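Residue-level listing of the chains:
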Amino acid sequence: MTEKKFDPVIVGFFCNWCTSAAADLAGTSRLHYPASIKPIRVMCSSTVDPVYLVRALQEGADATILGGCHPGDCHYITGNYKARRRVAIVKTVLKSLGFEDTRVLLEWISGSEGPKFARVMNDYTDYIKKCGPSEFKYLDSLGGEKVD
Amino acid sequence: MAMKRIGVFICHCGRNIAGTVDVKRVAEEIGKREDVAFSTTYVFMCSQPGQKLIEDSVKKYNLDGVVVANCSPTLHEKTMRNAAARAGLNPYRVEIANIREWAAWPHEDNPDAATRKAIRIINATIEKLKANASLEPIEVPVIRRALVIGGGVAGMQAALDIADSGIETILVEKEATIGGNMFRLSETFPTLDCPQCILTPKMNDVAAHPNIKLYTYSEVEDVEGFMGNFKVKIKKKATFVDWDKCTGCGECLRVCPAHADSEFDLKMAKRTSIYIANEQAVPLKALIDENSCIRLQFEKKVKEGKIKPKKNVKICSKCADVCEPNAIHFQNNEEIVEEEVGAIIVATGYEVMPAEAFPELGGKYPDVITSLQFERLLAPSGPTAGIPRRPSDGKVPESIAFVHCVGSRDPQNGVPYCSRICCMYTIKQAMLVKHAMHDAAVYDFYIDIRSNGKGYEEFYHRAKEEYGVNFIRGKVSKVYKVGDKYRVQGVDTLTGRIVEVDVDMVVLATAAKGSSTVKEIAKKLRIPYDEWGWLKETHLKLKPLETPVGGVFIAGAAQFIKDITDSVSQGSGAAAKVMALLSKPELEKEPLLAKVDPEICAGCGRCKDQCAYDAITIDPVRHVSVVNEALCEGCGACSANCPTTAIQVVNFKKGQVVRAIDVLAEVF
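Rules of the game
Residues numbered from 1 in each chain as written. Chains lettered and ligands numbered in written order. Predicted model: local features only at pLDDT ≥ 70, side-chain atom pairs only at ≥ 80, totals over all residues. Heavy atoms only, no water. Helix = DSSP H or I, 4+ residues; strand = E, 2+ residues; numbered from the N terminus. Contact = heavy atoms within 4.5 Å. Areas by Shrake-Rupley, 256 points an atom, 1.4 Å probe, with all protein chains shown as cover. Lys, Arg positive; Asp, Glu negative; His and termini not counted. Charge placed at Lys NZ, Arg CZ, Asp CG, Glu CD. Rg over C-alpha atoms; globule rule 2.2 N^0.38 Å. Buried < 20%, exposed > 50% of the residue type's maximum accessible area, 1.4 Å probe, protein only. Disulfide = S-S within 2.5 Å. Salt bridge = Lys/Arg side-chain N within 4 Å of Asp/Glu carboxyl O. Polar contact = N/O pair within 3.5 Å; in protein donor to acceptor, adjacent residues only side chain to side chain. Phe/Tyr/Trp six-rings, centres within 6.5 Å; stacked < 30°, edge-to-face > 60°. Arc of directions from axis to C-beta. Expected span 1.5 Å × (residues − 1). Pairing = 2+ DSSP bridges. Axes fitted to C-alpha atoms, helices over the stretch in contact; angles between N-to-C directions. Nonpolar A, V, L, I, M, F, W, Y, C, P; charged D, E, K, R; others polar. Parallel < 35°, antiparallel > 145°, perpendicular 65-115°, else oblique. Left-handed = near helix turned anticlockwise from the far one by under 90°.

*Asks:* In this structure, what is going on with the overall build of chain B? I would like to understand it.
*Replies:* Regarding its fold elements, chain B presents 18 helices and 32 strands. The C-alpha extent of chain B, read off along each of the three principal axes, is 95 × 75 × 45 Å. Sequence separation of 24 or more characterises 68% of the internal contacts of chain B that already satisfy a separation of 6 or more. Carbon together with sulfur atoms contributes 50% to the accessible area of chain B, which is approximately 28900 Å² in total. Looking at charge distribution, chain B has the averaged site of its 86 positive side-chain charges lying 2 Å from that of its 86 negative ones.

This is the structure we're talking about:
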């Protein structure tokens, strides 16, 4: 079997007020980043249940990225601080289960930061490409065998 | 009841989408889904024929849900929802899949990947849409009254404009008179109007307006409620004088033996312990300063048991003795009043940093004062009748140095930003000094002159050319005392030389900051502010008057330091926002809010802890969470913390999001 080029799947949760607007701006500015980023718009980063991140990794994603407003700038006053705590917890859990916690990334990207959005998406995709496919999605097969 | 007859409309957006994404292939792929009854493409979905296509298809195929794959939902979500609504479909059964900004444009270098990503985004959107509920906007009743906090020029303008439209307005001012900082000024740039002349008519209009209820010497104590329905507690501070009886004649001021620094004159003069804020105060009423009144201090000490009064001792009551209307009663008449309003404008204004904060620039010396203090010395109504005198010895100065950017543009010693008004008022003050004392030597140390307003640059040139003010481009490093004079040491960056001048007085244009009371008020209103005390607007460019809290607006320098022109404009602007809000009997609100399933909820309160809007309470009887729909903003922070999925945001339910995630994460 020939080794296929690894094209990661990265699920992006982008808050409606900042990072979704940044993604719009990156598009409008025709800034390119890999199509590996699979985006979903959420109202606030704080609405992202830790379960969402784990579910994405379980269902096949190689990584997840959560984008919110900068600290102090949250549209919902303090939502991004709550998101920060949740991501910290998910990272701890992943680590204690023996998985890389870098497969969950939290970034503050404001609505005016289209270039930052594109840069983060490019850098993170490159990073995940180097890391290789996530082991987490094979959790179903408890014997440790990889299921194709 | 998951939707089974979904229509998917894929937009070409000219060549913007179709140039990269193979829209035909997308429509074919999506059309294979069992739950999709109809899928098609069109060149411009947002055009009239495009909208007609949605309307006709909803009717023709009896669609129960619609996904439009086009541009960002910020652009055309409303358009598409309205189109579906016209065909009888609930608008909340329409979702946008953003395949332009999020697929076609960023991946224009890889059309195949862009096409596959577009399909995936549309599939995820369909999965989310399938469980969408039909919703109606929530109607919230509105109290047709407004509150303005701060009686400076911005707050007065806002109150007058709202009141003129027939809406009752409450104006709360913490000081004993309205007028704000503008009333302290000598003259205004660039017109050299006297603020007392142009502002007093406005102040009297406020006091006399049938639709304005004025609370001076009062503070906002507590705010409850939400847009359209605020309950406000206002503390009327103790004046020890019955204002219904006081005529403002001022007899009491003549006999009072106790003194304190004048608030209005910013410590540039003394006032008596019973005082009227200034001669043109509105309202013109006397009040007693508890901390300096001999009688009230005596009574306080007796009460605390610190002194025991001898029998038949005569305590000072000179003011009451001369008061013909018997208004002075020495009783603590602090009072809390409650008002209900539908909208609030915060116009709390600014303060300047004190001279003492800059000891290296001589702030510790009495003759080194802030520009705002110097305004009082230049004002014809001020303590020196418009001819500046040194605070230390009362001597008329023969030479004055002005220093720009004291604390401004200086993150180490003050603030990082430009305080915006200092260049212009310093130039004005230099001019006024020349008006008052023709032969005075005036030195003006600046970094740059920022004269960005109508008539401002011309004003600067007048000061330079007609008045002979010495402008020196460079920073001042040190001010110290040499004999009777103050030596100002700086550099002239145009000639590259060190400059030293000995002057009688130094005026520091210190940095402006938000009012010191603003943080407290902002916390009560739950609106954000920055570390310098400026209130944070919703959007700096497009929503400068709004705050993230619905129904609360900002006007004037409370948002950031402004000159009078801008403050007045903002006052009127915020008033227009309030009038628009209060013009309807009921407000419509997006129904995408948190909802509790009382069957599952255990009343643990974890959602309540997460809510930044205090929208969640625990019902004490049923012991379940209850969401106040008027307060909830629909962020969903509560739902992420709920251990039982009892609280969820409508149409953003966990099941919906998880199904969308499954599609996005799938490897294929």
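Don't stop here, the text continues.
*Asks:* Quick question: what am I supposed to make of the overall build of chain A here?
*Replies:* Check the secondary structure of chain A and you find four helices and four strands. Taking 2.2 N^0.38 as the reference for a compact globule, 148 residues should give roughly 15 Å; the C-alpha atoms of chain A span a radius of gyration of 15 Å, in line with that estimate. Along the three orthogonal principal directions, the C-alpha set of chain A runs to about 45 × 35 × 20 Å. Counting all 148 residues of chain A, 54% fall into the buried class. Restricting the contact set of chain A to residue pairs at least 6 apart, pairs at least 24 apart contribute 77%. Accessible surface for chain A amounts to roughly 6700 Å². Of this, 55% is attributable to carbon and sulfur atoms.

*Asks:* Help me understand the state of the cysteines in this model?
*Replies:* Working definition of a disulfide: a covalent bond connecting the sulfur atoms of two cysteines. Under the defined criterion, the tally for this structure stands at two disulfides over all chains. Paired by a disulfide, Cys18 of chain A and Cys69 of chain A hold their sulfur atoms 2.5 Å apart. Across the S-S bond linking Cys18 of chain A and Cys69 of chain A, the dihedral sits near 105 degrees, which makes this disulfide right-handed. Of this pair, Cys18 of chain A sits in the loop between β1 (10–15) and α1 (19–28) while Cys69 of chain A sits in the loop between β3 (63–68) and α3 (79–96), and the two are 51 residues apart along the sequence. Cys69 of chain A shares its class with Cys18 of chain A; the two are buried. Between the sulfur of Cys194 of chain B and that of Cys197 of chain B lies a disulfide, 2.3 Å long from S to S.

*Asks:* What is the right way to read the pattern of salt bridges from this model?
*Replies:* Pairing of side chains with opposite charge becomes possible as their charged atoms draw close. Residues and elements named next belong to chain B. Using the criterion set out here, one finds 52 salt bridges over all chains in the structure. With a shortest N-O distance of 3.7 Å, Lys395 and Asp484 are connected by a salt bridge. Taken together, the positions of Lys395 in the loop between α11 (371–378) and β19 (399–406) and Asp484 in the loop between β22 (476–482) and β23 (485–492) put the pair 89 residues apart, joining distant regions of the chain. Judged by relative accessible area, Asp484 falls into the partly exposed class, the value being 41%.

*Asks:* Help me understand the side chain of Asn278 of chain B in this model?
*Replies:* Residue and element names in this part refer to chain B. Of note, Asn278 is situated in the loop between β13 (274–275) and β14 (287–288). Engagement of the side chain of Asn278 in a polar contact is seen with the backbone nitrogen of Gln280, the distance being 2.8 Å. Within the local environment of Asn278, its side chain forms a polar contact with the backbone nitrogen of Ala281, the two atoms lying 2.9 Å apart. Excluding anything up to four places from it in sequence, Asn278 contacts Thr177, Phe183, Phe264 and Leu284.

*Asks:* Looking at this structure, how should I read the packing of aromatic side chains?
*Replies:* Two measures describe an aromatic ring pair: the distance that separates the ring centres and the angle between the ring planes. Residue and element names in this part refer to chain B. The final tally for this structure, using the stated rule, is 19 aromatic pairs over all chains. Here Tyr446 and Phe471 contribute two aromatic rings whose centre-to-centre distance is 6.1 Å and whose plane-to-plane angle is 75 degrees, an arrangement assigned as edge-to-face. You can see Tyr446 sitting in strand β20 (residues 441–446) and its partner Phe471 sitting in strand β21 (residues 470–473), a full 25 residues away along the chain. For Phe471, a relative accessible area of 16% translates into the label buried.

*Asks:* Help me understand helix α14 (residues 518–525) of chain B in this model?
*Replies:* Since the α-helix advances by 3.6 residues per turn, residues separated by three or four positions end up pointing in the same direction. Residues and elements named next belong to chain B. For α14, the full list of buried residues reads Val518, Ile521, Ala522 and Leu525. The arc that holds the buried residues of α14, viewed along the axis, is 100 degrees, so those residues lie on one side. Turned more than 90 degrees from where α14 packs its buried face, Glu520 and Lys523 sit exposed. Residues of α14 that are buried in the fold lie against β6 (145–149), β9 (218–226), β16 (343–346) and β27 (552–554). Arg526, located one to two residues past α14, shows a positive phi value of around 60 degrees.

*Asks:* Help me understand helix α7 (residues 195–208) of chain B, please; the structure alone is not making it clear to me.
*Replies:* All names here are of chain B. Helix length check: α7 (14 residues) gives 20 Å between terminal C-alpha atoms against 20 Å at 1.5 Å per residue, within 8%. Listing the buried residues of α7 in full gives Pro195, Gln196, Leu199, Thr200, Met203 and Val206. Along α7, the residues classed as buried sweep out an arc of 120 degrees about the axis, all on the same side. In α7, the exposed residues that point more than 90 degrees away from the buried face are Cys197 and Ala208. Packed against the buried residues of α7 are α6 (153–164), β7 (168–172), β8 (212–215) and α11.

*Asks:* Honestly, the sheet that holds β22 of chain B in this entry has me stumped. Any pointers?
*Replies:* Each strand in a sheet pairs with another by means of backbone hydrogen bonds, the pair being arranged parallel or else antiparallel. Residues and elements named next belong to chain B. As summarised here, the arrangement of the three strands in space is β22-β23-β24, forming an open sheet in which the pairing is antiparallel. What marks the edges here is a single partner per strand, and that holds for β22 and β24 (497–503). Neighbour-to-neighbour, the strand axes of this sheet turn through a mean angle of 20 degrees, independent of strand direction. Direction of pairing for β23 relative to β24: antiparallel, over a ladder of seven bridges. From the neighbouring strand, Gln489 faces β24, where its bridge partner is Glu500.

*Asks:* Would you mind going over the interface of chain B and chain A with me for this structure?
*Replies:* Many structure descriptions define interface size as the accessible area lost when the parts assemble. Listed by partner, the interface residues are 43 residues for chain B and 42 residues for chain A. Its salt-bridge partner being Asp49 of chain A, residue Lys654 of chain B comes within 2.7 Å of it at the nearest N-O pair. Counting across the chain B and chain A interface gives 13 residue pairs in polar contact (both at pLDDT 80 or more). Counting residues per element, the ones that place at least two in the side of chain B that touches chain A are α3 (73–86), α4 (100–104), α5 (111–129), α17 (637–641) and α18 (654–665) of chain B. For the side of chain B that touches chain A, the class distribution of residues is 21 nonpolar, ten polar and twelve charged.

*Asks:* Please explain the pairing of strand β5 (residues 138–141) of chain B as it appears in this structure.
*Replies:* Looking down a regular strand, the side chains alternate between one sheet face and the other. Residues and elements named next belong to chain B. Residues Ile138 and Val140 point to one face of β5 and are all buried, whereas Glu139 and Pro141, pointing to the other face, are not buried. The pairing of β5 with strand β28 (residues 586–589) spans four bridges and is classified as antiparallel. Bridged to Val140 within β28 is Leu587.

*Asks:* When you look at the environment of Asp367 of chain B in this model, what are you seeing that I'm missing?
*Replies:* All names here are of chain B. Note that Asp367 resides in the loop between β17 (350–352) and β18 (368–370). Asp367 sits 92 residues away from Phe459 along the chain, and the two C-alpha atoms are 27 Å apart. Among all residues touching Asp367, those that are not within four sequence positions of it are Arg390, Pro391, Ser392, Tyr486, Asp504, Met505 and Val506.

*Asks:* Help me understand the sheet that holds β18 of chain B in this model?
*Replies:* Residues and elements named next belong to chain B. Strand order in the open sheet formed by five strands is β18-β25-β19-β20-β21, and the pairing between neighbours is parallel. Sheet topology places β18 and β21 at the edges, where each strand pairs with a single neighbour. Strand after strand, the sheet turns through a mean of 20 degrees between neighbouring axes, direction not considered. Pairing of β19 with strand β25 (residues 505–510) involves five bridges; the strand directions are parallel. Bridge assignment links Val406 to a residue of β25, and that residue is Thr510. The strands that α11 touches are β18, β19 and β25; relative to β18, the one it contacts most, it runs at about 95 degrees.

*Asks:* Explain the packing of α6 of chain B against α7 of chain B here, please?
*Replies:* Each pair of packed helices can be described by the angle between their axes along with the distance between the axes. Residues and elements named next belong to chain B. Where α6 meets α7, the closest approach of the two axes is 10 Å, and the angle between their N-to-C directions is 50 degrees. Here α7 runs oblique to α6, going by the angle between their axes. The hand of the α6/α7 crossing is left-handed. Each of Val153, Met156, Gln157 and Leu160 in α6 lies in contact with α7, whose residues at this interface are Leu199, Lys202, Met203, Asp205 and Val206. Here the contact of α6 with α7 is built from residues that sort into six nonpolar, one polar and two charged.

Worth remembering: the numbers are spatial, not functional.
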